[in-house]
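# Understanding the architecture of this molecule
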Amino acid sequence: EKKVRHVQKINTSINRIKEILMDFISAKEFEKGEIKNNPQNFDLVEFTESFLDEMKSLNGIHKIQHKHKGKYCTVRLDKKLLHTCMANLMVNAFKYSPKGGIVEITTQQLSPDKITITFKDQGIGIPENEQSHIFTTFFRAKNAIHTQGTGLGLHITQQLVNLMGGTISFISKENEGATFFLKFTKA
């Protein structure tokens with residue numbers, strides 16, 4: 001039992017180090033203009049289910065719920081960039097939510113040209129007076145300073161979503177969680 005707990009602590013530490021390294025690498029690549037948008041057609045529901053299976057293997061202490069709205073599910077986006085965006089939002093939902101909390105993911109495609117992916121958590125939320133800074137490089141809300149992070153994840157996510165022609169927004173209330181929206185609309 002002690003060995004299992006020790007291995008879990010090691011895995012958690014490795015994942016945190018990976019997260020920090022990926023944030024810094026992504027920020028550097030963006031500065032150099034090395035990140036490109038390479039869209040391809042794929043099934044959003046299959047992609048999301050595969051992504052969530054991956055996330056479940058990294059974090060077994062939160063409940064993840066996924067639902068899809070709409071009769072369409074084929075999208076044209078960059079899978080790698082979308083994966084990075086979704087991973088950043090999921091990691092935040094895990095970090096700032098209580099153990100056993102529910103993270104809800106909703107994919108919505110009511111028409112071929114309008115895609116929304118929503119991430120809703122039951123976490124600490126973002127203080128109202130700090131919400132205007134949330135996508136700023138290295139910004140950490142005061143209620144998040146005791147949780148590990150670089151302050152780069154949301155900034156990088158915003159940049160990647162913009163590169164793919166989308167927008168990111170959120171609603172949040174302190175101590176009531178946050179909901180982030182990724183929206184992509186073809187012109």
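To start, this report covers the structure provided alongside it. (Residues numbered from 1 in each chain as written. Predicted model: local features only at pLDDT ≥ 70, side-chain atom pairs only at ≥ 80, totals over all residues. Heavy atoms only, no water.)

## Focus: the sheet that holds strand S7 (residues 178-185)
With mixed pairing, five strands are arranged side by side in an open sheet as S2-S4-S5-S7-S6. Two strands in the sheet have a free side with no partner beyond their single neighbour: strand S2 (63-69) and strand S6 (166-172). Across the sheet, the mean angle from the axis of one strand to that of its neighbour is 15°, orientation sign disregarded. Relative to S7, S6 runs antiparallel, the two sharing seven bridges. Paired with Ile168 across the two strands is Leu182, which belongs to S7. Where helix H4 (residues 153-163) meets the sheet, its contacts fall on S6 and S7, and the angle it forms with S6 comes to roughly 140°. (Pairing = 2+ DSSP bridges. Helix = DSSP H or I, 4+ residues; strand = E, 2+ residues; numbered from the N terminus. Axes fitted to C-alpha atoms, helices over the stretch in contact; angles between N-to-C directions. Contact = heavy atoms within 4.5 Å.)

## Observations regarding the environment of His155
When you line up the elements, His155 lands in helix H4. Sequence spacing of His155 and His133 is 22 residues, and the spatial spacing of their C-alpha atoms is 9.8 Å. Not counting chain neighbours up to four residues away, the residues in contact with His155 comprise Phe135, Thr136 and Thr137.

## Observations concerning the packing of aromatic side chains
Evaluation of the coordinates by the stated rule reveals three aromatic pairs. Ring centres 5.0 Å apart and planes at 50° place the aromatic pair Phe42 and Phe47 in the tilted group. Here the aromatic rings of Phe135 and Phe170 are separated by 5.9 Å at their centres, their planes lie at 65°, and the arrangement is edge-to-face. Within this pair, whereas Phe135 is found in the loop between strand S5 (114-120) and H4, its partner Phe170 is found in strand S6, the two being separated by 35 residues in sequence. By the ring-pair criterion, three or more aromatic residues cluster together here, those being Phe135, Phe170 and Phe180. One cation-aromatic arrangement involves Lys183 over Phe181; the distance from NZ or CZ to the ring centre is 5.8 Å. (Phe/Tyr/Trp six-rings, centres within 6.5 Å; stacked < 30°, edge-to-face > 60°. Lys NZ or Arg CZ within 6 Å of the ring centre and 35° of its normal.)

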